[in-house]
Amino acid sequence: MDEIAMRKSEIEEKLKQDEENLARFTESLKRSDELSKNMVGILDSFSERLNKLEETIQPVHHQTLSLTTLKDNVDKLLAALEQVIGFHHLSDEVEQKIKKGPAGNVEMYLSLMERLHTAVEFFTQSNPGSVELGSVTTLFEDGLEQLNSSFRELLKQHSQRVPDGILIDIANATSEEEVPPLQHLPHRVVQDLLAISKYLAGPGQTTDFMSVYHQIRSTQLGRSLAALREYYKAFQIMPSQLPKQKGSIANFLNLKSESPVKRGAKRKPAADSLSRREGGSIRRGLLEQAVACGRMEADEQLEGSGVFIALATVCVRLLESEYTLMTSIISEQHWTKVFESLVSGPFNFFIKLGEDLHDRAKKSLNKHDFIVTVSLCKVIRHVRVLLPQYEKLLRPLPNRCYSRLPEMILLFEKLTLKGLMELLTYIRADPEKQSNMPKDGTVHQLTSNTMLFLEHLLEQMDVAGGILAEQDIGLSGMANTEQANRKAVGNFISMCTKRYGYLDCVVLVVFSSSCV
């Protein structure tokens, strides 16, 4: 019973505490409700005041916006009126400056031209028949003429042919690092020309300056090539002017001296050769200097071949530099047309030199000067190496400028093959195979000359072999390979050897073994 009483007492005590807590919570809830009601009242009052303030400020805001808009419109109107008034007085303001020309301040002049262009558009739309339109239009056209004239004068004044020293360095360079940089125009001039060209091609809507550009630059390019040709021509080395050195190609006896057709002909008197030597004696010091400097090959047998090789190198370098210069001045959409006109004349000059070289080589072969085929092989090799650079520059052009170069190489190859075949015919037609062979087994003079020729031909085995391999039916499947070239040259050498004219069988065997 005591436990029950204690338990009951504890329960009653807890119940009393819970009732007290409930009373406190109830009182707190009442106070919270009162505070909430007060806050709601305050917020409602604040909202009412805000609504009244908004109703009061909104008309003022609308009025302020209207006034701001009116002010902006007035400012725009005043600016437009000021601009229009400026248009009416613009011709008087800029007339002297426009007629004077850029005069070294291209940027300022172009800003004046832009103002004139805007005035022309304004009067054209607003008052087409006004006197002011005629005035600004005339001034604008005068400004375009001044810009064209300034473009021409700037380009003409600063465009000069490449100096001989740089041309020679380009011709003698053996790597890209050795090629001297070319700067045809000062940087400031290029920037001025670029700004003028952009304006003339844009708002000016004219392309006359492009004709001026390609004419002036084409002239300078042609002058550079012609100057290099004349420079080498002044140091031209003919075989007769070379020192006689044993084993050199300069000492090679002309095969036509052995010709049976010319056997009875009288030799030219020594006075003729003396006169030729005297004709070149004036420049003997220059010739020796040219050889010492390596500008011309001392064993050049075809007149002009060394010049043509040098021109081929210089021409492609100059074309590359001209293309780079053009891209920094002319708009991209006109590059092809301008570059085509620019290179046409100088490249035709270069091709004409090649055609002249071909004609001289052809005349030499008609005289049985077969040694010129070696020079032709050198020319072919050099032009083949440069062909990709020419193709990159000239292939995009619409004319057939580039195709003339492979065609010229083909002509050289055909002529080289013709010369080699005629040499074989000449050797086989020699009537002295049986009648005048040395009895002691020494080498026949014709064979000696031929072997000397073949010695130099071997240096051009890649070119000569390729040409011969294309004509050899047995080697047609291996064309343009080193193996085919070696085989073709070997076959040609075996056909050129003169070993079957010896009567003594022992001598024949010995000489045959020495020629294999």
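Colleague: What exactly am I supposed to notice about the overall build of the chain here?
Modeller: Helix and strand counts for the chain come out as 17 helices and zero strands. With 516 residues in all, the chain has 39% of them scored as buried. Nonlocal contacts in the chain, meaning residues at least 24 apart in sequence, comprise 78% of its contacts between residues at least 6 apart. Approximately 30300 Å² of the chain is accessible, and the part contributed by carbon and sulfur atoms is 55%.

Colleague: Even after reading the chapter, I still don't get empty space enclosed by the protein, so can you show me in this structure?
Modeller: Unoccupied space between atoms shows up once a probe the size of one water molecule is rolled over them. In total, this model carries two cavities of 30 Å³ or more according to the counting rule given. Together, Gln160, Arg161, Val162, His184, Arg217, Gln220, Leu221, Ser224, Leu318 and Glu322 line the second largest cavity. Of all elements in the fold, only helix H6 (208-234) and helix H9 (305-327) reach the threshold of two or more residues within the lining of the second largest cavity. Looking at which element gives the most residues to the lining of the second largest cavity, the answer is H6, with four residues. Tallied by class, the residues present in the lining of the second largest cavity amount to three nonpolar, four polar and three charged.

Colleague: Quick question: what am I supposed to make of the environment of Leu468 here?
Modeller: When you line up the elements, Leu468 lands in helix H15 (residues 461-471). Given a relative accessible area of 9%, Leu468 falls into the buried group. If we skip the residues at most four places from it in the chain, Leu468 touches Leu417, Leu420, Met421, Ala488, Val489 and Phe492.

Colleague: Looking at this structure, how should I read the packing of aromatic side chains?
Modeller: Any pair of aromatic rings gets described here by the distance separating the centres and the angle formed by the planes. Inspection of the entire model under this criterion finds 12 aromatic pairs. Ring plane angle 85 degrees and centroid distance 5.1 Å describe the contact between Tyr323 and Phe339, whose orientation is recorded as edge-to-face. Of the two residues, Tyr323 is situated in helix H9 and Phe339 in helix H10 (residues 335-366); the sequence distance between them amounts to 16 residues. According to the relative accessible area criterion, Tyr323 is partly exposed, its value standing at 31%. Taken together, the aromatic side chains of Phe308, Phe347, Phe350, Tyr390 and Phe412 make up a single cluster linked through ring pairs.

Colleague: So what exactly am I meant to see when it comes to the packing of H9 against H10 here?
Modeller: Two quantities define a packed helix pair, namely the angle between the helix axes and the distance between the axes. With their axes 11 Å apart at the nearest point, H9 and H10 run at an angle of 175 degrees to one another. In terms of orientation, H9 and H10 fall into the roughly antiparallel class. Contacts from Ser305, Phe308, Leu311, Ala312, Cys315, Leu319, Glu322, Tyr323, Met326 and Thr327 of H9 reach H10 at Trp335, Val338, Phe339, Leu342, Val343, Phe350, Leu353, Gly354 and Leu357. Residues that form the contact of H9 with H10 fall into these classes: 15 nonpolar, three polar and one charged.

Colleague: Even after reading the chapter, I still don't get the side chain of Ser375, so can you show me in this structure?
Modeller: Tracing the sequence through the fold places Ser375 in helix H11 (residues 372-394). A polar side-chain atom of Ser375 sits 3.5 Å from the main-chain amide nitrogen of Leu302.

Colleague: What exactly am I supposed to notice about the nonpolar core here?
Modeller: For soluble globular proteins, nonpolar side chains are generally found buried alongside one another. Core analysis: the biggest nonpolar cluster contains 114 residues, and Tyr213, Phe350, Tyr390 and Leu394 have the highest contact counts within it. Ranked by residue count, the leading element in this core is H9, at 13 residues. Excluding anything up to four places from it in sequence, Leu394 contacts Leu319, Phe339, Val343, Phe347 and Tyr402.

Reading the values: rules and limits
- Residues numbered from 1 in each chain as written.
- Predicted model: local features only at pLDDT ≥ 70, side-chain atom pairs only at ≥ 80, totals over all residues.
- Heavy atoms only, no water.
- Helix = DSSP H or I, 4+ residues; strand = E, 2+ residues; numbered from the N terminus.
- Buried < 20%, exposed > 50% of the residue type's maximum accessible area, 1.4 Å probe, protein only.
- Contact = heavy atoms within 4.5 Å.
- Areas by Shrake-Rupley, 256 points an atom, 1.4 Å probe, with all protein chains shown as cover.
- 1 Å grid on protein atoms, 1.4 Å probe; cavity = no way out; pocket = protein on both sides within 12 Å on 5 of 7 lines; lining within 4 Å.
- Points joined across faces, edges and corners; volume = space filled by probe spheres on them.
- Nonpolar A, V, L, I, M, F, W, Y, C, P; charged D, E, K, R; others polar.
- Phe/Tyr/Trp six-rings, centres within 6.5 Å; stacked < 30°, edge-to-face > 60°.
- Axes fitted to C-alpha atoms, helices over the stretch in contact; angles between N-to-C directions.
- Parallel < 35°, antiparallel > 145°, perpendicular 65-115°, else oblique.
- Polar contact = N/O pair within 3.5 Å; in protein donor to acceptor, adjacent residues only side chain to side chain.
- Core = buried A, V, L, I, M, F, W, Y, C linked by side-chain atoms within 4.5 Å.

Everything listed here is a matter of coordinates, which is why it stays silent on function.
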